[in-house]
Amino acid sequence: MYWKVERDCAAAAALLCLLYTFPASASTRLSPALSKVVVERASIKPDTLIDVIVFLDDNRVQSNAALSQLHPSPTRDERIKLVVGKLQAYRSQNADRLERFLETAGARNVSNYWITPAFSAMVPISSLQPLASQEGVTAVVEDAPLVPIDPISIAPAPVLAAGVSAQLSRLRVPSLWSRGLTGRGRLVCSFDTGVEQSHPALAPKWRGNGAPLSAAWFSTLTPDSLPSDKIGHGTHTMGLMVGASMTDTFGVAPDAEWITAGVIDQGKSLGNTISDILLAFQWALNPDGDTGTTSDVPDVILNSWGIPKGLFAPCDATFNGVIDNVEAAGIVTVFAAGNEGPDPRTIRNPADQATSPLNTLSVGAIDNNDVITGFSSRGPSSCDGTRIKPELVAPGVAIRSSYKGGGYYTMTGTSMSAPYIAGLVALMRQYNPDVTVAEIKYALVQSCTDLGPLGEDNSYGYGLPDASRLVDYLPEPTPPAFTIKRVMISDDGIASPGEEFGLQLLLYNAEGNVEQATATLRSMSNDSAIVVGSNAAFYFGSGGTTALNSEPFVVRFDSTFYHGQQLPFAVVLESPLRAAYDTLDLILTVGLPPNGSIALHATSRMEVTVSDFGQYGFAPGSFYNLQGEGFRYGGSPNLLYEAGIVVARNPLQLAHAVRDSLGRLAVSDFMPTRTLSIGWTDEEGGFHRDADLADVHSEIRIPISISQETISYPYGDDNGMLILSYYLKNDSIEKLSNLYFGFLADFDLLGDGELVSFDQARNLLYQHSDAGPAVGLVGLSNVRSFTIIANGTAKKGFTREELFAIVSSGLVDSGVDSAGDMLTIVGAGPFTIDARDSVQVALALVGGDNVAAVLAQAEAARQRFELTTDVIDPERILPGDFGLNQNYPNPFNPTTTISFQLTEADDVTLDVYNLLGQRVRTLVSERLPAGSHAVVWDGTNDDGEKVATGVYLYRLVTTAGTRTRRMMLLK
């Protein structure tokens, strides 16, 4: 048999009777209604079951005090996780004892709560007194149904009303909207009769549109259906918090999202009891069931319910611990004061709670003349008879809002006043997400316009809040900490000279406290870098830390820019919701920065720029402009569009430093393992520059290293030549076969047309025109093929298959002049190289005022080469000692190359450390063959994150020893 207690018992009479029947320790722990049941037990069967809730004496949010001790200023995220973690982990020392008692007493449906130390159960009436007498029990109350604070009046209203409601203007809410504070990114919750999810003014704002149903709707009666509202009350109050349509705004926070708990009067008999409210509070602290997330936790809970008078004793503490715990986690609880005025002490429990000066926050109703309504419940609190209640008032007469059935109604009551205050909480949290409950309440009361008697009183409280002043009383939000995490260029990812491109930035805000920021991109140099589209928005979302600009910036680089040129920009950031500004420095690199360094060979007649990464030229007008000199002869402009090497065994195992298949600039596959030397002069007057390089960027690396030497003769008759000598060394422990070498040169000579001819006697392929200097390539050592290719109307591109076919063909174009825009390729190979052995390929680039001068320089180049073979030491390419070279470039940004030499195959580890000795990145951890090696560090750690500016150590460890050097990253 199940028996339901009456709710209209007289609390005083019941308590008086109990004094004569039971010990005080037990009688004072039973609610008045249950005390009456015990008194009348003679007329009720003792095994009759009654629904009760048992509260224990351990108030878990002693964690509220612990919160301030553990972290002096926690963020909202930290606060929620700390409090929920403590609550869920806590187990009352009396809980086990009580569970055993309930089991032996024949209780049914026993459940315990973590929101506060409590149990719900169906208990035999005969066990009520023993239950109340259990150690640690502080209260036993009826699990009674709750009812909404019903409106005084209700009437249909127009479907739409243009503009902003008069009540919002009285509260001066539009002043916050003008600052961007509309509730975006915030979440409100109501404990009410439910909400009609499909209402046009509310449907787009429901959190369940993008979250699981269980994280956006709580109901013990219809948990698997969309939010509904059989009464219409909850739909009306939710509208006053967030409601808006295209032409009609009546909600305080129209851009906020909502969730709701249907826990009051859903039209079901015996439904929606106190236990449902406890479960709802528990749900609101972790709606999605994942304690690792906090964006699902609402900023405020609007409560339009109360305990009917007489059901509990005055100032019953049933909900004190629950509300304290919820607010310790940062959720503001707002209660309607009730519609049972005008007599004193008519505010219902728990709205009359007075455990702190502003707890719980109760709201009374004023009319259109700012006069307290006759129905608005009054203070003081029934807890001590002195604590002033309510705290605030807001408009509550004929308030228009959404209603069930998709329509609009006006209602009158304090349940219409409280949503205005709850909506203001969402706006304050948007301004500063980490503001505490106490700080929010302080700002609300400090902003008030005093109404009625001077000062705080039991009708108006502190008065009517002025939304325009709220922010003045809130702590300023933590400034966002913006950094640029990644820079992305549209299309091919390269911002070439003369190109207009889109620019996207991945911004990172370590604080996670800005939902949206606007940015303006400004060029900080006088160069012709034009910002065509300079404005963009970044949407981080609630608690988000990263965002891309929604629309790319558009930038145009001048065609005179050179590759590797660094241009300064400023990204000016504004967060309109916080009036927070920041300016970030941004460096954009033009085109492709070089893989290594370049240097000049200059004679009295000729200038040639060389590199240590397999490419040549680099002047304005060249394919790869690095502000070098290219190739100039006799004071001419640059004549060399492009030159570069190719090393291959097959189309897949091929490394090159020339154009791609579409004729576009490509990153050289080669990088220096020993950087280009500053140069030295031999006894014959030859000026030498040398370097070592390897195909670091090849898709399939060839186990060779290349030692390059370039020689010019600044003075005398041999001033029109540059000798290029390459030693190709087999770094593997096995014989290397089918190796080819190629050198591509595309000269653009002066005049209307170019002619290319081959002189077999001199092993010379030369190019000339009807005006200006002539040029040529001379094969000096192991060069056996000479190929002439017409560029056509545009610069021709080469696939890997085409490059390999050319360098491996052995073709010699025989003496037939070819006209047009031509390029030439000389080739060597195939070579078979024993392990640790090498082979030399040498050629000369020669120039002259005419063909005869070129022929003479070709002869002289061959004689010079024969004289210098003794000067060039082939053993120089073999590592003479285990060693670790200084990185290049240094300082660097964003990448640098680290090279080292092994005298024999060995197990190698190459690590990067910071100055604290902490390992940042492992670059190499494998067995490598003898020879020269190089690796590129991009300034990231093992997790792919960019490291900070500063000095770093790199350490090479092998069985032969350990070497350590320093390098500096600059940003």
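Residues numbered from 1 in each chain as written. Predicted model: local features only at pLDDT ≥ 70, side-chain atom pairs only at ≥ 80, totals over all residues. Heavy atoms only, no water.

Trainee: I'm lost on the overall build of the chain in this one. Help?
Mentor: When helices and strands are tallied, the chain shows 17 helices and 53 strands. A globule of 971 residues ought to have a C-alpha radius of gyration of about 30 Å, yet the chain, at 42 Å, is considerably larger. If you line up the chain on its principal axes, its C-alpha atoms span 130 × 60 × 45 Å. Residues counted as buried form 58% of the 971 residues belonging to the chain. Summed over all atoms, the accessible surface of the chain reaches about 36900 Å², with 50% contributed by carbon and sulfur. (Helix = DSSP H or I, 4+ residues; strand = E, 2+ residues; numbered from the N terminus. Rg over C-alpha atoms; globule rule 2.2 N^0.38 Å. Buried < 20%, exposed > 50% of the residue type's maximum accessible area, 1.4 Å probe, protein only. Areas by Shrake-Rupley, 256 points an atom, 1.4 Å probe, with all protein chains shown as cover.)

Trainee: Would you mind showing me how to read the packing of aromatic side chains here?
Mentor: All chains considered together, the criterion is met by 21 aromatic pairs. Note on Phe-191 and Phe-281: the rings are 4.8 Å apart at their centroids and 65° apart in plane angle, and the pair reads as edge-to-face. On the criterion of sequence distance, the pair formed by Phe-191 in strand S8 (residues 187-192) and Phe-281 in helix H11 (residues 274-284) is long-range, its members being 90 residues apart. A relative accessible area of 0% places Phe-191 in the buried class. Judged by relative accessible area, which is 0%, Phe-281 ranks as buried. Ring centres of Phe-482 and Phe-540 lie 5.9 Å apart, and the angle between their planes is 35°; on these two criteria the pair is classed as tilted. In this pair, Phe-482 is assigned in strand S19 (residues 482-489) and Phe-540 in the loop between strand S23 (535-539) and strand S24 (546-548), connecting sequence segments 58 residues apart. (Phe/Tyr/Trp six-rings, centres within 6.5 Å; stacked < 30°, edge-to-face > 60°.)

Trainee: Sorry, what's going on with the packing of helix H10 (residues 233-242) against helix H13 (residues 414-431) here?
Mentor: Relative orientation and spacing of two packed helices are given, respectively, by the angle between their axes and the distance between those axes. In contact at an axis separation of 7 Å, H10 and H13 are set at 35° when each is read in the N-to-C sense. Crossing angle aside, the handedness with which H10 passes H13 is right-handed. Along its contact with H10, which presents His-233, His-236, Thr-237, Leu-240 and Met-241, the element H13 presents Ser-415, Met-416, Pro-419, Tyr-420, Ala-422 and Gly-423. Here the residues of the contact of H10 with H13 sort into 6 nonpolar, 5 polar and no charged. (Axes fitted to C-alpha atoms, helices over the stretch in contact; angles between N-to-C directions. Left-handed = near helix turned anticlockwise from the far one by under 90°. Contact = heavy atoms within 4.5 Å. Nonpolar A, V, L, I, M, F, W, Y, C, P; charged D, E, K, R; others polar.)

Trainee: What is the right way to look at the sheet that holds strand S31 (residues 631-633) in this model?
Mentor: Remark on secondary structure: sheet strands pair via backbone hydrogen bonds, oriented parallel or antiparallel. Within the open sheet, the 3 strands sit side by side as S28-S29-S31. Their pairing is antiparallel. Every interior strand has two partners, whereas the edge strands, strand S28 (598-602) and S31, have only one. Taken pair by pair, the neighbouring strands of this sheet meet at an average axis angle of 20°, ignoring direction. Pairing between strand S29 (residues 606-611) and S31: 3 bridges, direction antiparallel. In the sheet register, Val-608 faces S31, and the bridge partner there is Phe-631. (Pairing = 2+ DSSP bridges.)

Trainee: Honestly, unusual backbone geometry in this entry has me stumped. Any pointers?
Mentor: For residues that are not glycine, phi is negative in most cases, and the peptide bond is trans in most cases. A cis amide bond, omega 10°, links Gly-341 with the succeeding residue Pro-342. By the secondary structure assignment, Pro-342 is in the loop between strand S14 (332-336) and strand S15 (361-366). Pro-894 follows Asn-893 through a cis peptide bond whose omega is 5°. Looking at the secondary structure, you find Pro-894 in the loop between strand S47 (883-884) and strand S48 (896-902). The phi angle at Asp-370 is positive, at roughly 60°, despite the residue not being glycine. By the element assignment, Asp-370 lies in the loop between S15 and strand S16 (392-395). Non-glycine residue Asp-491 carries a positive phi angle of around 60°. The exposed category is assigned to Asp-491, whose relative accessible area is 73%.

Trainee: Sorry if this is basic, but what is going on with the side chain of Gln-615 here?
Mentor: Along the chain, the position of Gln-615 falls in strand S30 (residues 615-616). Those residues in contact with Gln-615 that lie beyond four places of it in its chain are Val-610, Tyr-624, Ala-643, Gly-644, Ala-657, Leu-665, Ala-666 and Ser-668.

Trainee: Sorry, what's going on with the side chain of His-768 here?
Mentor: By secondary structure assignment, the location of His-768 is in strand S41 (residues 764-769). With a relative accessible area of 15%, His-768 lands in the buried category. The residues contacting His-768, other than those within four sequence positions of it, are Leu-749, Gly-753, Glu-754, Leu-755, Ser-757, Ala-774 and Val-851.

Trainee: Would you explain the nonpolar core in this entry?
Mentor: What tends to happen in soluble globular proteins is that the nonpolar side chains get buried as a cluster. Phe-191, Phe-281 and Trp-305 are the most contacted members of the largest nonpolar core, which has 106 residues in total. Looking at this core, the element that brings in the most residues is H13, giving 11 residues. Ranked by size, the runner-up nonpolar core spans 49 residues in total, among them Phe-758, Leu-777, Phe-831 and Leu-845. (Core = buried A, V, L, I, M, F, W, Y, C linked by side-chain atoms within 4.5 Å.)

Trainee: Sorry if this is basic, but what is going on with the sheet that holds strand S3 (residues 118-124) here?
Mentor: Spatial ordering of the open sheet is given by S2-S3-S1-S4, a layout of 4 strands whose pairing is antiparallel. Each edge of the sheet is formed by a strand with only one pairing partner; in this case those strands are strand S2 (108-113) and strand S4 (137-142). Strand-to-strand twist in this sheet, taken as the mean axis angle between neighbours without regard to direction, amounts to 25°. Bridge count for strand S1 (residues 49-56) against S3 is 7 bridges, and the pairing is antiparallel. The residue bridging Ile-50 from the neighbouring strand is Val-123, located in S3. Sheet contacts for helix H3 (residues 32-39): S1 and S4; angle to S4, the most-contacted strand, approximately 80°.

Trainee: Looking at this structure, I do not really get the packing of H13 against helix H14 (residues 437-446). What am I missing?
Mentor: In the contact formed by H13 and H14, the axes pass within 11 Å of each other and the chain directions differ by 115°. Viewed along their axes, H13 and H14 form a crossing whose handedness is right-handed. The residues of H14 that touch H13, namely those facing Ile-421, Leu-424, Val-425, Met-428 and Arg-429, are Val-437, Ile-440, Ala-443 and Leu-444. Among the residues making up the contact of H13 with H14, the classes are represented as 8 nonpolar, no polar and 1 charged.

Trainee: Would you explain the pairing of strand S25 (residues 553-556) in this entry?
Mentor: Within a regular beta strand, the side chains point alternately toward one face of the sheet and then the other, so they alternate between its two faces. Going residue by residue along S25, you find Phe-553 and Val-555 tucked away on one face and Val-554 and Arg-556 left uncovered on the opposite face. As paired strands, strand S20 (residues 500-509) and S25 are joined by 4 bridges and run antiparallel to one another. From the neighbouring strand, Gly-502 faces S25, where its bridge partner is Val-554. Direction of pairing for strand S22 (residues 530-533) relative to S25: antiparallel, over a ladder of 3 bridges. Paired with Gly-533 across the bridge in S25 is Val-554.

Trainee: What is the right way to look at the confidence of the model for the chain in this model?
Mentor: Close inspection of predicted coordinates is inappropriate in any region flagged by low pLDDT. Looking at the chain, the pLDDT average stands at 86 and 90% of residues meet or exceed 70. Looking across the chain, the model is least confident in helix H1 (residues 11-19), with a mean pLDDT of 29, and most confident in S16, with 97. When the criterion is pLDDT under 50, residues 60-71 qualifies, and its contacts beyond four places in sequence or with other chains add up to 22 contacts. Below pLDDT 50 for its whole length, residues 870-880 participates in 27 contacts with residues either more than four positions away or in separate chains. (pLDDT = per-residue confidence, 0-100.)

Trainee: Any chance you could explain the pairing of strand S42 (residues 774-781) here in plain terms?
Mentor: Within S42, 8 of the 8 residues are buried, leaving the element largely enclosed by the surrounding structure. Alignment of S41 against S42, held across 4 bridges, turns out to be antiparallel. Along S42, the bridge assignment pairs Leu-764 with Val-778. With antiparallel pairing between neighbouring strands as the criterion, S41 and S42 make up a hairpin whose turn holds 4 residues, including Gly-772 at a positive phi of roughly 80°. Pairing geometry for S42 and strand S46 (residues 838-848), over 7 bridges, is antiparallel. Bridging across to S46, Val-775 finds its partner in Gly-847.

Trainee: I'm lost on the pattern of salt bridges in this one. Help?
Mentor: Opposite charge on two side chains lets them pair, provided their charged atoms get close. Tallying each qualifying case throughout the model produces 33 salt bridges. Between Arg-674 and Asp-692 there is a salt bridge, with its nearest N and O atoms 3.0 Å apart. Of the two residues, Arg-674 is situated in strand S34 (residues 671-674) and Asp-692 in strand S36 (residues 687-694); the sequence distance between them amounts to 18 residues. A relative accessible area of 26% places Arg-674 in the partly exposed class. Residue Asp-692 is classed as buried on the basis of its relative accessible area of 9%. The shortest N-O distance in the salt bridge between Asp-718 and Arg-864 comes to 2.6 Å. One end of the pair, Asp-718, is in the loop between strand S37 (704-712) and strand S38 (721-730); the other, Arg-864, is in helix H17 (residues 851-868), and 146 residues separate them in sequence. For Asp-718, a relative accessible area of 14% puts it in the buried group. Overall, the relative accessible area of 15% leaves Arg-864 in the buried class. (Salt bridge = Lys/Arg side-chain N within 4 Å of Asp/Glu carboxyl O.)

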